[in-house]
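Structural characterization, general
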Amino acid sequence: MRSMTAARSSSPADRPQPGLRERKKTRTREAIRTATYGLIKEQGYDTTTIDQIAERAEVSPSTVLRYFPAKEDIVLTDEHDPALLEELRARPADEPWPQTVRYVLREAVRTGVEEDPETARIRTRLLAEVPAVRSRMMESMSVTGRMFATAVSERSGLAPDSLEVRVYTMSLVGGLMETAMYWAERDHQGDLPALLDRALDVLQHGPPPQNH
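**Describing the nonpolar core**
If you look at the biggest cluster of nonpolar residues, it comprises 40 residues, and the most contacted ones within it are Val75, Leu84, Leu88, Leu105, Leu126, Val133 and Phe148. Secondary structure elements with two or more residues in this core: helix H1 (20-43), helix H4 (71-76), helix H5 (81-90), helix H6 (97-115), helix H7 (117-129), helix H8 (131-156), helix H9 (163-185) and helix H10 (192-205). Counting residues in each nonpolar core, the second largest holds 10 residues, with Ala35, Ile50, Ala54 and Ile74 among its members.

Next up, the structure:
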């Protein structure tokens, strides 16, 4: 899942293991990310350059750009969207869709925050504070939206490019982005999965009535 955390879904035991080439690519991507987060923590986002990232990751600048076309992509992208789609597909076919989404997303967010809380905080803080990161995130939302559209289409029987599926999925990914920013803007106070629950409640039922 992009931007919110370094979310990681559980891997079924029978999932094919990646080959040597893919493992090397994954290690390179992780080295670049680790170098980037370290530099950002030390000197800030704006002053961190591709050359500095490459030097710390012990790769060439061209390698960094081959894996991540823009610096913003380093802190936004991860490899977990396909696993998230698998988790959505693995839920019971007769389970109401809102319940499926809540369970899978809540587990992904909870796991990401618990496994690497510092990275989760850095990513969401950059999303909230750096316009270039936020702009790139809005551009990339369509990727996650298409992933959700596939799952919604399979469950509902509606075409993935139908108006209903498109509106629902983009509302969902937009809600995820706003939840991440809300958490960061409040100095990461509170429980992110609980905030996600609130966001999903709004998407499912609309805003709660204001008590006067």
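There's more to say after this.
**Some thoughts on the pattern of salt bridges**
Across all of its chains, the model carries 15 salt bridges by this definition. One salt bridge in this structure joins Lys41 and Glu118, with 2.7 Å as the shortest N-O distance. Here Lys41, found in helix H1, pairs with Glu118, found in helix H7; they are 77 residues apart in sequence, far enough to count as distant. Relative accessible area serves as the criterion here: at 58%, Lys41 is assigned to the exposed category. Residues Arg89 and Glu154 are paired through a salt bridge, measuring 2.7 Å at the closest nitrogen-oxygen approach. Taken together, the residues span a long stretch of sequence, with Arg89 in helix H5 and Glu154 in helix H8 at a distance of 65 residues. When its relative accessible area of 46% is taken as the criterion, Glu154 is described as partly exposed. One continuous salt-bridge network, built from bridges that share partners, spans Arg102, Arg106, Asp197 and Asp201.

**Details of unusual backbone geometry**
In this structure, Glu58 takes a positive phi of about 60° despite not being glycine. When you line up the elements, Glu58 lands in the loop between helix H2 (50-57) and helix H3 (61-67). Despite not being glycine, Asp187 has its phi angle at roughly 55°, a positive value. Inspection of the secondary structure assignment puts Asp187 in the loop between H9 and H10. Asp187 sits in the exposed class, given a relative accessible area of 60%.

**Concerning the packing of aromatic side chains**
Within this structure, the stated rule accounts for 0 aromatic pairs. Sitting over the face of the ring of Tyr103, Arg91 holds its NZ or CZ atom 3.9 Å from the ring centroid.

About the criteria used
- Residues numbered from 1 in each chain as written.
- Predicted model: local features only at pLDDT ≥ 70, side-chain atom pairs only at ≥ 80, totals over all residues.
- Heavy atoms only, no water.
- Core = buried A, V, L, I, M, F, W, Y, C linked by side-chain atoms within 4.5 Å.
- Buried < 20%, exposed > 50% of the residue type's maximum accessible area, 1.4 Å probe, protein only.
- Helix = DSSP H or I, 4+ residues; strand = E, 2+ residues; numbered from the N terminus.
- Salt bridge = Lys/Arg side-chain N within 4 Å of Asp/Glu carboxyl O.
- Phe/Tyr/Trp six-rings, centres within 6.5 Å; stacked < 30°, edge-to-face > 60°.
- Lys NZ or Arg CZ within 6 Å of the ring centre and 35° of its normal.

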